[in-house]
Amino acid sequence: MLRILFYLFIVKPLVLIVLGINARNRHLLPVKGPAIIVANHNSHLDTLALMSLFPLSLASKIRPVAAADYFLRNRLLRWFAMDLIGIIPIERHAAGKNSRLLTPLTEALQNGEILILFPEGSRGEPETLGKLKNGIAHLASECPETPVIPVFFYGLGKSLPKGEIILVPFIVDAFIGEALYWRGSRQAFMEALTESMASLQKLARQNQRESAG
Amino acid sequence: MNWPILPLSIQIAFLSVGILLALSSLISIALVKTRPERNYRELRQRVRTWWFIVGIFALAVLVNRTVSVVLFGFISFLAFKEYLSLIPTRRADHRVLFWAYLAIPIQFYWVWHGWYGMFIIFIPVYMFLLLPMRMILVGETQGFLKAIGTLHWGLMITVFNLSHMAFMLVLPPENNPAGGVAGLLLYLVFLTEINDIAQYVWGKSFGRRKISPKVSPNKTVAGFLGGLLTTTMLAIALAPWLTPLTSGEGAAAGLLIGVAGFVGDVTISALKRDIGVKDSGSLLPGHGGILDRLDSLTYTAPLFFHFAYYLHY
């Protein structure tokens, strides 16, 4: 209930009115779970912007996967992350090395939920794409039937960059790619994912001439 | 609510716009039915968005002063946001941009208050002096001139100029017995939009010589002159119903709106050309962004406002 209210009165107005989102190929987004959304991570707003792309009926199914050490460090942040956003906390430094750590994620997928993952790890330089971490490949190998949908955001790093607390309104571009599936090997999957993200990034660059300075 | 004192001319004006739109809807539906081989999707979208724009405009004009000022302030916010999202900005200016956004509620507060002196100098003087100072506090000098120049130009076009529309609604209504509170604004917006449409139609029908091929290849001499004539005729005809202007002043207002609307349109076109986009955004389906629709008004609103203000207020 709390999550639905948060979605209706905070997420939607914030993303649609304060920011404004211009999504390309929106029809490629999943209409039901299970599914995994993979996005570049430039700002705390990434998660909210992604959530806003889904209809209200799916709002309670969206589960951002986030770092336990960051979001569970105090009670207020924990309440915000767990009860309002509905994150699944993971230990980021151990992820991938131990498949037991992925259990909450595979369980969520079995329940038909839609996971949001930021495989770059922490928020990088605005509008760039850091190296993708392998955890996503482990998850895909455990759930080979689940579609993995890449999304590239442009502009959120301008609105609320890392280290800033003041939000400045900007219209954000979201580029959604075709769904990918497990490819038999970790390397093949990571290559396909990286390539897909890179081509979405190229689209974003063509769309918006790079800013000077 | 000022429904009871809504002048007859305003009621007729809205009714006429409703009829015009209904006709456009019928024509576009008929075109889709009779000529299925051609794609009229954009036309249908365009007309549908017009209904939405007129609905918002009616709400902004007819309820009361607070609703008017909030809605026009919000429209300025959307336009300024669209502008800032288009242009290159420096990352160092994050907080400067935040201050520039703050100018919007403050400017519209002066409008709500009816404080003309402050309304007219706040952005051209105070923000003009404050924003560079805030930039200097950040300390990034590389690209300073470009950053402050583009920021202030956008603030002038999207906030200062457009806020003149809202100020028309707080001018003393007793100076405009025919049109009341909303007459002057209705006159301006109707003529500006009709001028856009008339220039397009005349240009499509008779246009050959291009006025400014590099900036806006669709603008022709015939389109410009035909639009100007249409707008001036309508301006003379509507002046006694909506404004305190005499017929001579109405003719001058028509010429002013026709020329300024054209210049506003090509100015925003030049901006889009420079940045390399076709539309300024995607907020209004069939039209493009909000700046694509407001382009002419960014010029006609302040010019017509001061024309009428000098003569009658």
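Structure shown above.
None of these values were measured; they are calculated from a predicted model.

**Student:** Describe the overall build of chain A, and please don't skip the residues or the numbers.
**Tutor:** Across its full length, chain A carries eight helices and seven strands. By the compact-globule yardstick of 17 Å for 213 residues, chain A fits well, its C-alpha radius of gyration being 16 Å. Put simply, 77% of the contacts in chain A that link residues at least 6 apart link residues at least 24 apart. Counting 23 positive and 17 negative side-chain charges, chain A places the centres of these two groups 2 Å from one another.

**Student:** Can you tell me about the overall build of chain B, naming the residues and giving the values?
**Tutor:** The secondary structure content of chain B amounts to 11 helices and zero strands. The order of α-helices and β-strands along chain B, N terminus first, is α-α-α-α-α-α-α-α-α-α-α. Scaling as 2.2 N^0.38, a compact globule of 313 residues should have a C-alpha radius of gyration of about 20 Å, and chain B matches this with 20 Å. If you line up chain B on its principal axes, its C-alpha atoms span 60 × 50 × 30 Å. Per-residue burial over chain B gives 51% buried out of 313 residues. Accessible surface computed for chain B: about 14900 Å², of which carbon and sulfur atoms make up 70%. Between the mean site of the 24 positive side-chain charges and the mean site of the 14 negative ones, chain B shows a separation of 7 Å.

**Student:** Report on the environment of Q199 of chain B, specifying residues and quantitative values.
**Tutor:** All names here are of chain B. Positionally, Q199 belongs in helix α7 (residues 183–206). Judged by relative accessible area, Q199 falls into the buried class, the value being 8%. Between the C-alpha atoms of Q199 and M165, which are 34 residues apart in sequence, the distance is 22 Å. Apart from the residues within four sequence positions on either side, Q199 is in contact with K219, G223, F224, G227, G258 and F262.

**Student:** Run through the nonpolar core, naming residues and quoting values.
**Tutor:** General note: in soluble globular proteins, nonpolar side chains tend to be found buried as a group. Counting 77 residues, the largest nonpolar core has F72, L185 and F304 of chain B as its most contacted members. Residue contacts for F72 of chain B: discarding those within four places in its chain leaves F57, A60, F108, M165, A166, L169 and L185 of chain B. Grouped together as the second largest cluster of nonpolar side chains are 38 residues, F6, Y7, L14 and A174 of chain A included.

**Student:** Lay out the side chain of K219 of chain B in plain terms, naming residues and giving numbers.
**Tutor:** All names here are of chain B. Note that K219 resides in the loop between α7 and α8 (221–242). Under the relative-accessibility criterion, K219 is labelled buried at 15%. A polar contact of 3.4 Å, which involves the side chain of K219, links it to the side chain of D265. Here K219 is in contact with Q199, R209, K210, I211, S212, F262, D265 and V266, once residues within four sequence places are set aside.

**Student:** How would you summarise empty space enclosed by the protein if you had to cite specific residues and measurements?
**Tutor:** All names here are of chain B. A complete count under the given rule lists three cavities of 30 Å³ or more for this structure. By volume, the largest cavity is sized at about 70 Å³. For the largest cavity, the full set of lining residues is L84, I87, P88, T89, R90, D93, L97, M135, A147, T150 and L151. Tallying contributions element by element places helix α6 (residues 144–168) first for the lining of the largest cavity, with three residues. Partitioned by chemical class, the residues of the lining of the largest cavity number seven nonpolar, two polar and two charged.

**Student:** Give a detailed account of the pattern of salt bridges, specifying residues and quantitative values.
**Tutor:** A side chain with one charge can pair with a side chain of the opposite charge if their charged atoms come near. What the rule picks out here adds up to nine salt bridges over all chains. One salt bridge in this structure joins D173 of chain A and R24 of chain A, with 2.7 Å as the shortest N-O distance. Separated by 149 residues along the polypeptide, D173 of chain A in strand β7 (residues 172–176) and R24 of chain A in strand β1 (residues 21–24) bring together distant segments of the chain. The buried category is assigned to D173 of chain A, whose relative accessible area is 6%. When the shortest N-O distance is used, the salt bridge between E164 of chain A and R95 of chain B registers 3.1 Å. Linking E164 of chain A in the loop between α7 (156–159) and β7 with R95 of chain B in helix α4 (residues 94–113), this pair reaches from one chain into another. The structure contains a network of salt bridges with shared partners spanning E193, D196 and R293 of chain B.

**Student:** Help me get a handle on the pairing of β7 of chain A, residues and values and all.
**Tutor:** Residues and elements named next belong to chain A. Among the five residues in β7, five count as buried, and that is most of the element. Burial along β7 is two-sided: V172, A174 and I176 and D173 and F175, pointing in opposite directions, are all buried. Sheet analysis places β1 next to β7, joined by four bridges and oriented parallel. Note that in β7 the partner of A23 across the bridge is A174. Note: strand β6 (residues 148–154) against β7, four bridges, orientation antiparallel. In the sheet register, V151 faces β7, and the bridge partner there is I176.

Rules used throughout
Residues numbered from 1 in each chain as written. Chains lettered and ligands numbered in written order. Predicted model: local features only at pLDDT ≥ 70, side-chain atom pairs only at ≥ 80, totals over all residues. Heavy atoms only, no water. Helix = DSSP H or I, 4+ residues; strand = E, 2+ residues; numbered from the N terminus. Rg over C-alpha atoms; globule rule 2.2 N^0.38 Å. Contact = heavy atoms within 4.5 Å. Lys, Arg positive; Asp, Glu negative; His and termini not counted. Charge placed at Lys NZ, Arg CZ, Asp CG, Glu CD. Buried < 20%, exposed > 50% of the residue type's maximum accessible area, 1.4 Å probe, protein only. Areas by Shrake-Rupley, 256 points an atom, 1.4 Å probe, with all protein chains shown as cover. Core = buried A, V, L, I, M, F, W, Y, C linked by side-chain atoms within 4.5 Å. Polar contact = N/O pair within 3.5 Å; in protein donor to acceptor, adjacent residues only side chain to side chain. 1 Å grid on protein atoms, 1.4 Å probe; cavity = no way out; pocket = protein on both sides within 12 Å on 5 of 7 lines; lining within 4 Å. Points joined across faces, edges and corners; volume = space filled by probe spheres on them. Nonpolar A, V, L, I, M, F, W, Y, C, P; charged D, E, K, R; others polar. Salt bridge = Lys/Arg side-chain N within 4 Å of Asp/Glu carboxyl O. Pairing = 2+ DSSP bridges.

This is a description of form; function is not addressed.
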